[in-house]
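# Breakdown of the fold
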Amino acid sequence: PDGSQVTYTTPDGIFQIGRDGLNARKLVDAAGAKAGLSWSPDGKILRFDWVVTEKLIPRFRLWEVNADGRNLHKILPDWGDDGLCCGRWTHDGRYYIFVSWANGSKSMWALSEQRGFLRSQSAPVQLSAGPLFMDDPLPSPDGRYIYVLGANSHSEYVRFDAKTREYHSLIGGENAAWMTFSATGDWIVFRGAGGALWRSNPDGSQRRELAGAALDAGLPAISPNGQEIAFRATPPGSIASRIYAVSAEGGEALEIAADNFPLDDPSWSPDGSKLLYAAGSEAGTSAGLYIVDWKTRQKQKIPGSEGFAKSSWSPDGKYLAGVSEDNKTISIFDWSERKWTEVVRGNVFGPVAWSPDSQFLYYQDILEEDEPVRRMRIKDRTIEKILYCKPLLEGGIQRCGFEGLLPDGSTLFQLTRGDHDIYRLEVDLP
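Quick look at the structure, then. (Residues numbered from 1 in each chain as written. Predicted model: local features only at pLDDT ≥ 70, side-chain atom pairs only at ≥ 80, totals over all residues. Heavy atoms only, no water.)

Turning our eyes to something else, we now look at the sheet that holds strand β3 (residues 25-29). The strands making up a sheet are joined through hydrogen bonds of the backbone, oriented either antiparallel or parallel. If you walk across this open sheet you meet the 3 strands as β1-β2-β3, and the pairing is antiparallel. The open sheet has two edge strands, β1 (5-10) and β3, and neither has a second partner. Between one strand axis and the next, the sheet turns through 25° on average, direction left out of account. Relative to β3, strand β2 (residues 13-18) is paired through 4 bridges, and the arrangement is antiparallel. Residue pairing across strands places Phe 15 opposite Lys 26, the latter belonging to β3. (Pairing = 2+ DSSP bridges. Helix = DSSP H or I, 4+ residues; strand = E, 2+ residues; numbered from the N terminus. Axes fitted to C-alpha atoms, helices over the stretch in contact; angles between N-to-C directions.)

Attention shifts here to the pairing of strand β13 (residues 145-151). Relative to β13, strand β12 (residues 134-139) runs antiparallel, the two sharing 4 bridges. Within β13, the residue paired with Asp 135 across the bridge is Leu 149. Two successive antiparallel strands, β12 and β13, enclose a turn made up of 5 residues, where Gly 143 displays a positive phi of approximately 75°. As judged from the 7 bridges shared by β13 and strand β38 (residues 420-426), these two strands associate in the antiparallel manner. Looking at the pairing, Leu 149 lines up with Ile 422 of β38.

Per the stated rule, a full pass over the model turns up 19 aromatic pairs. Here Trp 313 and Trp 335 contribute two aromatic rings whose centre-to-centre distance is 5.7 Å and whose plane-to-plane angle is 20°, an arrangement assigned as stacked. Here Trp 313, found in strand β28 (residues 308-313), pairs with Trp 335, found in the loop between β30 (329-334) and β31 (339-345); they are 22 residues apart in sequence, far enough to count as distant. Residue classification places Trp 313 among the buried residues on the basis of a relative accessible area of 12%. For the ring pair Phe 349 and Tyr 363, a centre distance of 5.6 Å and an interplane angle of 85° mean the geometry is edge-to-face. (Phe/Tyr/Trp six-rings, centres within 6.5 Å; stacked < 30°, edge-to-face > 60°. Buried < 20%, exposed > 50% of the residue type's maximum accessible area, 1.4 Å probe, protein only.)

Relative to the helices and strands, Phe 15 is located in strand β2. Taking relative accessible area as the criterion, Phe 15 reaches 16% and is therefore assigned buried. C-alpha of Phe 15 to C-alpha of Asp 29: the two residues are 14 residues apart in sequence and 9.0 Å apart in space. For Phe 15, the residues in contact, after removing those within four places along its chain, are Val 6, Thr 7, Tyr 8, Thr 10, Arg 25, Lys 26 and Leu 27. (Contact = heavy atoms within 4.5 Å.)

On to unusual backbone geometry. For residues other than glycine, phi is negative in most cases, and the peptide bonds are mostly trans. With a phi angle near 50°, Asp 265 is a residue other than glycine that sits in the positive phi range. Mapped onto the elements, Asp 265 comes out in strand β24 (residues 263-268). According to the relative accessible area criterion, Asp 265 is buried, its value standing at 13%. Of note in the backbone geometry, Glu 371 takes a positive phi value of approximately 50° without being a glycine. With respect to the helices and strands, the residue Glu 371 is situated in the loop between β33 (360-364) and β34 (373-377). On the accessibility criterion, Glu 371 (9% relative accessible area) is buried.

The subject of this paragraph is the pattern of salt bridges. Any two side chains of opposite charge can pair, given that their charged atoms come close. Scanning the entire structure with this criterion turns up 21 salt bridges. With a closest N to O distance of 3.7 Å, Asp 380 and Arg 377 form a salt bridge. Since its relative accessible area comes to 43%, Asp 380 is described here as partly exposed. Through salt bridges with shared partners, one network takes in Asp 12, Lys 26 and Asp 29. (Salt bridge = Lys/Arg side-chain N within 4 Å of Asp/Glu carboxyl O.)

For the rest of this paragraph, the subject is the nonpolar core. Within the largest apolar cluster, 17 residues are counted, with the highest numbers of intra-cluster contacts made by Ile 243, Ile 256, Leu 263, Leu 275 and Tyr 277. Those residues within four positions of Leu 263 in sequence are excluded, and the remaining contacts are Arg 232, Ser 241, Arg 242, Ile 243, Ala 257, Ala 258, Tyr 277, Ala 278 and Ala 279. Counting 15 residues, the second largest nonpolar core, distinct from the first, contains Val 189, Ala 211, Leu 215 and Ala 248. (Core = buried A, V, L, I, M, F, W, Y, C linked by side-chain atoms within 4.5 Å.)

Laid out in structure tokens, this is it:
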């Protein structure tokens, strides 16, 4: 608070350094992801967000430590399963404003710091509720207002025709996620804005629900014969996502794989006889990519697959493409040699896609300038740019995300319009 020190995090702790860049010292040991550093106005307490694993699930929690590095402990330890983050004190130090999120929504809360004789910490009070996701609170100096970021994004899917250089809207431009096309190209599966999983024609007609919002379904994968839809979901009361499958005609979703840790990103083998899925680092020594035999439901782990979060089988069945959990590298697994080879390194990679003849792998680094789509020739690892998102980005699109190749040879993009607006909450804090 006096401006003499800068506090910052590294993967193994929290540090302080003089504003002249000298005399760095570790304030506290704290391994893992940390953010939201906020000093109390009197400079005696530092609070921060820290990702900790609870019941095998990583969650953001609020922690505090004294200025001398002592008394590190969690605040609001009995809050429940919701994530907590992004707190800041009011300028008079009487309240701590923070964010809580659960079931995909975020809201603002105020924690009173006023304590006295026989008075312990009071329960937090909710300041906001409703459909608008609020984040990053900033109390005004006079204590009358709290400025927040309110989510104002809209994601829509478009098909890019390379021959005509035209973009064609899908499902009427609705807000959607995780869209995937059938092998015939005449129907799709996607997650709608309400959280349910749907099947429809590409224009949004003839829609039918495949999984309700209560399952929190996502990442659908259509079997090569078009009969089954595999997806990731977290049933009510569960602490970890599982792999499910449902008939393309609808009906009851069947559990395919479950464990004490989250399972993610299902994808099919080219012949439809096997299903591939990922277990992230939360699984510890069990982390990696797994294959489930569709008939026997027997599973096996792919050698050396620890650290991969996304994967895609080549159409000829000879290779797997895997994206690392930190999204910074792409590797190829050769089934004949049973060996992984890193082929690309970047900032943040999105989904990867194979050409129909398995000769090329398509990908996008979403933090690269102008967000181009590239393809790599598997034979000799040569790379070329094939598409640029620059015209869309200059036209007001915030993100132009490559999602895959479609059966007719066109390219699927998810366009994100808008980002956040700044809102002001008027508060009367007693």
